[in-house]
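Listed here are the chains, written in short residue letters.
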Amino acid sequence: MEDQRGRLRALPSVDEVLSRPAVRALEVRVGRAAVKAAVRQAIAAARERILSGAVNGSSELVPDQDVLSRAQREAAPRLRRVINATGVVLHTNLGRAPLHPEALARVVEIASGYSNLELDLDTGHRGHRSAAIEPLLCELFGAQAAHAVNNCAGATLLALAALGGGGAAVVSRGELVEIGGGFRVPEILAQSGCRLVEVGTTNRTRLSDYAAALDGLPRALLLRVHRSNFALVGFTQEATMAELSALARERSVPFLHDLGSGALELPEGLSETTAARSLADGADLVLVSGDKLLGGPQAGILLGRRDLVEACRKHPLSRALRADRMLLAALEATLRLYRSGRARELPVNEALGARAEQLSQRATRLALELSERGIACSVVESEGKVGGGSMPLARLPGFGVAVQGGADLLDELRRGDPPVIALLREDRVVLDVRCAGDVGELAAAVAKAAGQAGERAPASDRLGRHPSGGCAPDGTEV
Ligand SMILES: *Cc1c(COP(=O)(O)O)cnc(C)c1O
C-alpha cells in the first residue's frame, strides 16, 4: 500500500516528460499536439499499471519508448488503406468500389490545381458542374437527361423533395426497406416532406392496390424501391414496371425507381436490373449509386425525363447535396472506361469476374508464401459475395487460405500494418484472395500478425469481443 502510494507520487508530470531530450526531439517530427497527447496517455497507462500492482521496483514508470510509440500512433492517419481478405467485393465498411488507376489519376490532376468545374470553356460563361458528365451518363445509361449528386441516398431524398411537392408517395409494403447505414425508405420519405402511403402487403402488392391508393390523392408520385439486399421468395406478387408506368401515365403522376446498384456491364453469369432496363420499362426517373456495381466513386446519379431532372437540379437541396470535383473527375473517368469498351478493367469487375481457377492459383501462391514463412495453412474453397447491398443471392465460387487461429489472430491482423480484414470460420482464419490484392504483401502481413498473436495471451483471457471487431463480415452496413 505504502509502495503504491509512493509510486503514484513518483509519477512525473506532463511537463517533466515533455522536457526530456528524447521527447523534445520527437516534437520536431510529429508536432507538439501529438507528443502531448502521447505523454498524457503514457502517464495514465503508468498510473493504471501502478494501481493494478503490475509495476516492480526497478522499472521506469513512464519510459521514453512508450511515449515514442504512442506519439507515432497519434501522428499516423486514422483512415487507412486495408487489405480486404473477406471475399466481399463491395464491402460498405471497407469503402465499396476501389477506383481504377485512370480515375485516380484524374482526381489527382483535377484536385491538385484549378479546373473548369463551373466554367464553360467555349463561351466563358458560368456552367453547371455536372455538365461535363451528363452527355456521357445519357449515352451510357440511355437516358434523356442526367444529374449527379453526392450519393444515391441524397439522390433519392432530392427526387422525392423536388417531385413529390409535399404530396403522397405511394410505395409497396414489400419495398419499405432498410439499405443500411441509416437509409430506411420510410425515414427518407419523411425527410423529403412527402407523406408515405403504403399499399399491398409484405409479400404481395397488386397494380389495383396502387390504383386504389391514387384515387382521391391530389398530389402523388409512385415509388418503386429495388430490394437490393434481400430477396422475396414464395407466395409473392408485384406489379411489373410496365404496369406501374402505364398507371403513372394514366394518372399523370411521376414514376420514380430507386434502383441503387448502378450496374452497366456485369461479368458473365451475373445479372442485375440496369438503369437502362428500368428506363426502357417506363420509369420516369431512376436513381443509382456510383460506388456499387458501376465501380466508380461515391455518387448519386439521377437519370430520366428532362423536365424531372431539371426540377431536381433546380431544387435547393441539390446545392446541399452537390457533387465535388473529385467525385466528378473520378466518375467521368470511370464512365469513359465503359465508353471505350474497357469496363472489364475496373477493379470491381475484375473481382466479380475472377474465375475459380485463377483464384485457386492465387490461393496456392499465398499458401506457398505463408509456408515459406513457417505458417501452417491450407487452400480452401471460399465463396465470395457481391456485397454493398447488391445481389444477395449471387454465388461467387472462389478460394482462400485457412490458417490456424481464432479471434486473437483476427484482431492482430486487423491491427497490423497494413491492416488485414479476414474471416473467422469455426476455429480457423480464412483469407479470401478475391479482393486481397498483392499476395506477397498479404503473406508478410499475416506472418507479422501470427507472430504477435503467438506472443499474446490465449483467447480465453480476452473474451467478449465481436470476432470481427464490429465489421460486418458480409459487407452489409452495421
Ligand atoms: C445502396 C442503395 C441506396 C443508397 O445508396 P448510397 O449511394 O449508398 O447512398 C439507395 N437505394 C437503394 C435501392 C440502394 O441499393
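Residues numbered from 1 in each chain as written. Predicted model: local features only at pLDDT ≥ 70, side-chain atom pairs only at ≥ 80, totals over all residues. Heavy atoms only, no water.

In the vicinity of the ligand lie 13 residues, with Ala153, Ser228, Asp258, Ser289 and Lys292 positioned nearest. Within the side chain of aspartate 258, a nitrogen or oxygen atom sits 2.8 Å from a nitrogen atom of the ligand. In this structure, lysine 292 approaches the ligand through a side-chain N or O atom, which is 2.7 Å from an oxygen atom. Relative to its unbound accessible surface of 380 Å², the ligand loses 94% to contact with the protein. Elements represented by at least two residues in the shell around the ligand include exactly helix H8 (152–164) and strand E9 (255–260). Per-element accounting of the shell around the ligand gives the leading share, three residues, to E9. Of the residues belonging to the shell around the ligand, the class tally is five nonpolar, five polar and three charged. (Near = heavy atom within 4 Å. Polar contact = N/O pair within 3.5 Å; in protein donor to acceptor, adjacent residues only side chain to side chain. Areas by Shrake-Rupley, 256 points an atom, 1.4 Å probe, with all protein chains shown as cover. Helix = DSSP H or I, 4+ residues; strand = E, 2+ residues; numbered from the N terminus. Nonpolar A, V, L, I, M, F, W, Y, C, P; charged D, E, K, R; others polar.)

Domain assignment breaks the protein chain into domain 1 (2–75), domain 2 (83–91 + 351–461) and domain 3 (100–345). Taking the mean C-alpha position of each, domain 1 and domain 2 sit 37 Å from one another. (Domains from an automatic or database assignment.)

A separate point is the layout of surface pockets. Volume-wise, the largest pocket comes out at about 1200 Å³. Together, 36 residues line the largest pocket, and Val82, Asn84, Leu94, Arg96 and Pro98 are the ones closest to its centre. The biggest single contributor to the lining of the largest pocket is helix H16 (residues 347–353), with four residues. Three or more residues apiece are contributed to the lining of the largest pocket by two domains, here domain 2 (83–91 + 351–461) and domain 3 (100–345). Estimated volume of the second largest pocket: approximately 470 Å³. Contributing to the lining of the second largest pocket are 21 residues, with Pro267, Glu268, Leu352, Gly353 and Ala354 lying nearest its centre. Counting only elements with at least two residues in the lining of the second largest pocket, the list comes to H16 and helix H17 (356–372). Examining the composition of the lining of the second largest pocket, we find that four residues originate from one element, H16, more than from any other. When grouped by side-chain class, the residues that make up the lining of the second largest pocket number nine nonpolar, five polar and seven charged. No fewer than three residues from each of domain 2 (83–91 + 351–461) and domain 3 (100–345) sit in the lining of the second largest pocket. (1 Å grid on protein atoms, 1.4 Å probe; cavity = no way out; pocket = protein on both sides within 12 Å on 5 of 7 lines; lining within 4 Å. Points joined across faces, edges and corners; volume = space filled by probe spheres on them.)

Inspection of every chain in the model, using the stated rule, returns zero disulfides. The thiol sulfur of cysteine 138 is not disulfide-bonded, and the nearest other cysteine sulfur, from cysteine 312, lies at 14 Å. Left unpaired, cysteine 152 is separated from the closest cysteine sulfur, that of cysteine 312, by 12 Å. Exposure remark for cysteine 152: the relative accessible area of 8% places this residue in the buried category. (Disulfide = S-S within 2.5 Å. Buried < 20%, exposed > 50% of the residue type's maximum accessible area, 1.4 Å probe, protein only.)

As for its placement among the helices and strands, leucine 370 is situated in helix H17. Expressed as a C-alpha distance, the spacing of leucine 370 and alanine 443, which sit 73 residues apart in the sequence, is 5.7 Å. Not counting residues up to four positions away in its chain, the partners in contact with leucine 370 are Ile375, Cys377, Val401, Val403, Leu431, Ala443 and Val446. (Contact = heavy atoms within 4.5 Å.)

A separate point is the environment of valine 430. Within the element layout of this structure, valine 430 appears in strand E17 (residues 428–432). Residue class for valine 430 comes out buried when judged on its relative accessible area of 4%. C-alpha separation for the pair valine 430 and alanine 242, spaced 188 residues apart in sequence, amounts to 45 Å. Residues in contact with valine 430, not counting those within four places in the same chain, are Ala85, Val380, Ser382, Val401, Ala402, Ala422, Leu423 and Arg425.

It is worth spelling out the nonpolar core at this point. Among the nonpolar cores identified, the biggest contains 46 residues, and Leu137, Val170, Tyr210, Leu222, Leu303, Leu331 and Leu335 are the most heavily contacted of them. The greatest single-element share of this core, amounting to six residues, is contributed by helix H15 (residues 325–339). Beyond its immediate sequence surroundings of up to four residues, leucine 222 is in contact with Val170, Tyr210, Leu214, Leu244, Leu247, Ala248, Val253, Pro254, Phe255 and Leu256. (Core = buried A, V, L, I, M, F, W, Y, C linked by side-chain atoms within 4.5 Å.)

On to the sheet that holds E17, then. Pairing in this open sheet of four strands is antiparallel, and the strands run E12-E14-E17-E16 from one edge to the other. A single partner strand is all that each edge strand has here, and the edge strands are strand E12 (377–381) and strand E16 (423–425). Across the sheet, the mean angle from the axis of one strand to that of its neighbour is 35°, orientation sign disregarded. As defined by bridge partners, strand E14 (residues 399–404) adjoins E17 across five bridges and the pair is classed as antiparallel. In the strand pairing of E17, valine 403 is matched with valine 429. Packed onto the sheet, H17 meets E12, E14 and E17 and runs at close to 25° relative to E14. The strands touched by helix H18 (residues 407–415) within the sheet are E14, E16 and E17, with E17 carrying the most contacts at an inclination of about 40°. (Pairing = 2+ DSSP bridges. Axes fitted to C-alpha atoms, helices over the stretch in contact; angles between N-to-C directions.)

This brings us to the side chain of aspartate 432. By secondary structure assignment, the location of aspartate 432 is in strand E17. Among buried charged residues, aspartate 432 stands out as having no salt bridge; its nearest opposite-charge side chain is arginine 434, 4.8 Å away. With sequence-adjacent residues up to four places away left out, aspartate 432 is seen in contact with Asn84, Ala85, Thr86, Gly87, Ser382, Glu383, Gly384, Phe399, Gly400 and Leu423. (Lys, Arg positive; Asp, Glu negative; His and termini not counted. Salt bridge = Lys/Arg side-chain N within 4 Å of Asp/Glu carboxyl O.)

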